[in-house]
Amino acid sequence: MIKLDFKHGCIDMSHGSGGRAMAQLIDELFLPLLAGDGLAQGNDGAVLPPVNGRLVMSTDSHVVSPLFFPGGDIGSLAVHGTVNDVAMMGATPLYLSASFILEEGFPLANLRRIVESMARAAREAGVAVVTGDTKVVEQGKGDGVFISTTGVGVVRDGVSLSGDRARPGDCILLSGSIGEHGMAILSQREGLAFDTTIVSDSAALHGLVAAMLDSGADIRVLRDPTRGGLATTLNEIARQSGVGMLLQESAIPVNETVGAACEFLGLDPLYVANEGKLVAVCAATDAERLAAVMRAHPLGASAAIIGEVIEDAHHFVQMATRLGSRRMVDWLSGEQLPRIC
Amino acid sequence: MKFVDEFRDRELAGNIAFNIAREADPEREYRLMEFCGGHTHAISRYGLTDLLPPSVRMVHGPGCPVCVLPVGRIDMAIALALSQPVVLCTYGDCLRVPASSGMSLLKAKAQGADIRMVYSVTDALALAQKHPEKQVVFFAIGFETTTPPTAVALLQARALGLGNFSVISNHVLTPAAMHAILALDGGANLHGFVGPAHVSTVIGSAPYAPFAEQYRKPVVIAGFEPLDVMQAILMLVRQINAGRAEVENEFTRAVTPEGNRKAQVLVDRVFELREGFEWRGLGTIPRSALKLRAEYADLDAEQRYGLVYHPVPDSKACECGAILRGEKRPQDCRIFGTACTPDNPIGSCMVSSEGACAAHYTYGRFKDIAVRAA
Ligand code: SF4
């Protein structure tokens, strides 16, 4: 059999048919790059060694457009997104599965770039891709590549994080400036393209989470404000916990370029997606200490205490504006921006 | 991070607020209409009413293009998109405006009509160029700011000889609507106007002179930044206190008396006044909207497809009309926040972020309920 042509070759229907072409794609592309212990076994599933502790499992589909953007691509995003979901439960991510839906005609060169980036992101995050799947859909029925990943991790003893644990008086912390991923993607969109230096913040956050848990601070909730941005995440937590929130606008870090681009497009950075930031709710007495620990980590360098949890039967998230007035930070409604994660 | 600026903003806003509170006479009322939806949004988003004394009240005006579009115009677009093999392009907000029989452009799209959201008329024109086999219709809305781009697109279509591009014009005029508001009761209920920002960059400040002279209402043109709006309010309070009624310009960094002559010429080349146009809430206002000139009739979708306008009354429960006339506030509507929300709008004021109901729902509704802060 002739080797795959990674320069000019394209995906065709036979790559998903279960026949020899599919085996070749796995052997020549996925295996050499992703070869985790399980993947190399070549079986229908991966048999994993016993682990000590409670398991966390999380799954996420990635349909970002464009597939390549400043600061990452769908491959690295598919790793970071799921690793972060596992990490937000206070777990150390261990394993990933990856399922690819490829569109007929998609260039093999691009696919290789994506898988390479995925492998790199997994290696850096210390997780193994142990099982996977590939399907091919006809031209026009997909958008190049969709990737679903599922992650498994293990939670250390004594940690119990949940969106319903925020209590009035708790502090709300944010690990860094908001809106970078969403604006990096938007800046590449056809019909919207604008020149900018904004780079996606896409990153695996479990190292930062580990440092935060090590600090012994009484953390109640961790969540990564992805689609829908910080505003959506805070509203989710407020509703789940049955509380209100009061934010300080001046404490929320927004990168100047992101702020300007949002202004230009009429967007509110509070609603723009992040892929490398987290929100923590913790006991007020531990907040300063936790903020210091976050700032000592490279992914939390501009961490800040951005507000507090208050009692409110309506579960409103309010914000004291930089002008000294108050407004609500509501759920997003109406038009969602096009696909960003 | 711009902490210095933020600190300065707060200090400046505090200063202006202090002056407004000191100078506004607590014994009298200052009912000030911000005409423009951009200002309505800024006032809500920055919580500016918190910074005003009780005697100064902001009244939302009809300057939100999606809000003033009557049901019948949307019905017309839906009928076209469902009955003809066209690609109907419009702004995102238009898609969600409730139309007759529970329809909207979004629902028509789900039923198979080819309706696309665009960010500008240029996108629609590009689509027509890319797909010569398709008839592309742009559903144009907006005040004087969006009219010049539509004019440019039409001129380009003509120059390119594009036979597959046409426009449904719903472009409306700010001064005509201000006249209509003041004609309601002679303007007895309003004491001044915060004049539009972007609209005034196009038309200039001169067209507002009649409001000051004829109706004795001060007008202060303001930018969209919260500090601009605060400064304009202070200037209005000062005019009212001094018994003056003048057109003043807070937004001198962008607005001149004569406006943007080049844009005006472009618009004039393509458009002419309609005899009358129905506005939601304000009824039919003479010479308040633009249609394509006879020379451009071939690019006028209303003529190309023989579209006929049928006026339709608003939903009974909806107070949009009274809100657009400045007579009621969003929270006065019985179904505000219950049956009518941004996710399920019953009236047009709940659709666009510039609509009074949507702005109040999104940013201010917590103030309607006593909330206990920790
Ligand atoms: S709340 Fe809804 S129904 Fe009531 S006036 Fe506003 S838009 Fe109309």
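Small disclaimer: the values here were computed from a predicted structure and weren't measured. (Residues numbered from 1 in each chain as written. Chains lettered and ligands numbered in written order. Predicted model: local features only at pLDDT ≥ 70, side-chain atom pairs only at ≥ 80, totals over all residues. Heavy atoms only, no water.)

**Considerations on helix H2 (residues 37-45) of chain B**
The periodicity of an α-helix, 3.6 residues per turn, causes residues three or four positions apart to be oriented the same way. The buried count for H2(B) comes to nine of nine residues, which makes it a mostly enclosed element. Those residues of H2(B) not exposed but buried are B:Gly37, B:Gly38, B:His39, B:Thr40, B:His41, B:Ala42, B:Ile43, B:Ser44 and B:Arg45. Summarising the contacts, the buried residues of H2(B) are in contact with strand S13 (326-328) of chain A together with strand S1 (30-36), strand S2 (56-63), strand S7 (192-195), helix H12 (226-242) and helix H16 (356-364) of chain B. Looking one or two places after H2(B), you find B:Gly47, whose phi comes out positive at around 55 degrees. (Buried < 20%, exposed > 50% of the residue type's maximum accessible area, 1.4 Å probe, protein only. Helix = DSSP H or I, 4+ residues; strand = E, 2+ residues; numbered from the N terminus. Contact = heavy atoms within 4.5 Å.)

**Looking at the site of the ligand**
Taken together, 13 residues are adjacent to the ligand, and B:Cys318, B:Cys320, B:Cys333, B:Cys340 and B:Cys357 come closest. One can see that the ligand is located within the largest cavity. (Near = heavy atom within 4 Å. 1 Å grid on protein atoms, 1.4 Å probe; cavity = no way out; pocket = protein on both sides within 12 Å on 5 of 7 lines; lining within 4 Å. Sits in = over half its atoms within 2 Å of the grid points.)

**A closer look at the sheet that holds strand S4 (residues 91-103) of chain A**
All names here are of chain A. An order of S1-S6-S4-S5 is seen for the four strands of this open sheet, with the pairing classed as mixed. In this open sheet, the two strands that pair with only one neighbour each are strand S1 (54-62) and strand S5 (128-137). Here the strands of the sheet are splayed against their neighbours by 15 degrees on average, with no regard to which way each runs. Here S1 runs beside strand S6 (residues 145-155); their pairing, made up of nine bridges, is antiparallel. Looking at S6, one finds that Ser61 is bridged to Ser148. Helix H1 (residues 20-34) rests against S4 and S5 of the sheet, and its axis sits at about 145 degrees to S5. (Pairing = 2+ DSSP bridges. Axes fitted to C-alpha atoms, helices over the stretch in contact; angles between N-to-C directions.)

**Some details on the sheet that holds S1(B)**
Residue and element names in this part refer to chain B. Within the open sheet, the five strands sit side by side as S2-S1-S7-S8-S9. Their pairing is parallel. Of all the strands in the sheet, the pair left with one neighbour each is S2 and strand S9 (247-249). Averaged over all neighbouring strand pairs, the angle between strand axes comes to 25 degrees, with direction disregarded. Taken together, the six bridges between S1 and S2 define a ladder with parallel strand orientation. When the bridges of S2 are listed, Arg31 appears paired with Arg57. Sitting on the sheet, H2 is in contact with S1, S2 and S7, with an inclination near 120 degrees to S1.

**Looking at the interface of chain A and chain B**
Contacts between the two partners involve 31 residues from chain A, matched on the other side by 35 residues from chain B. A buried area of about 3,000 Å², summed over both sides, lies between chain A and chain B, and 55% of it is on carbon and sulfur atoms. The tally of links from chain A across to chain B stands at two salt bridges. For B:Arg365, the salt bridge is made with A:Asp330, and the minimal N-O distance between the two is 2.7 Å. Here chain A is connected to chain B by seven residue pairs in polar contact (both at pLDDT 80 or more). Taken together, the elements giving at least two residues each to the side of chain A that touches chain B come down to helix H8 (256-265), strand S11 (304-310) and S13 of chain A. (Buried area = accessible area lost by both parts, 1.4 Å probe. Salt bridge = Lys/Arg side-chain N within 4 Å of Asp/Glu carboxyl O. Polar contact = N/O pair within 3.5 Å; in protein donor to acceptor, adjacent residues only side chain to side chain.)

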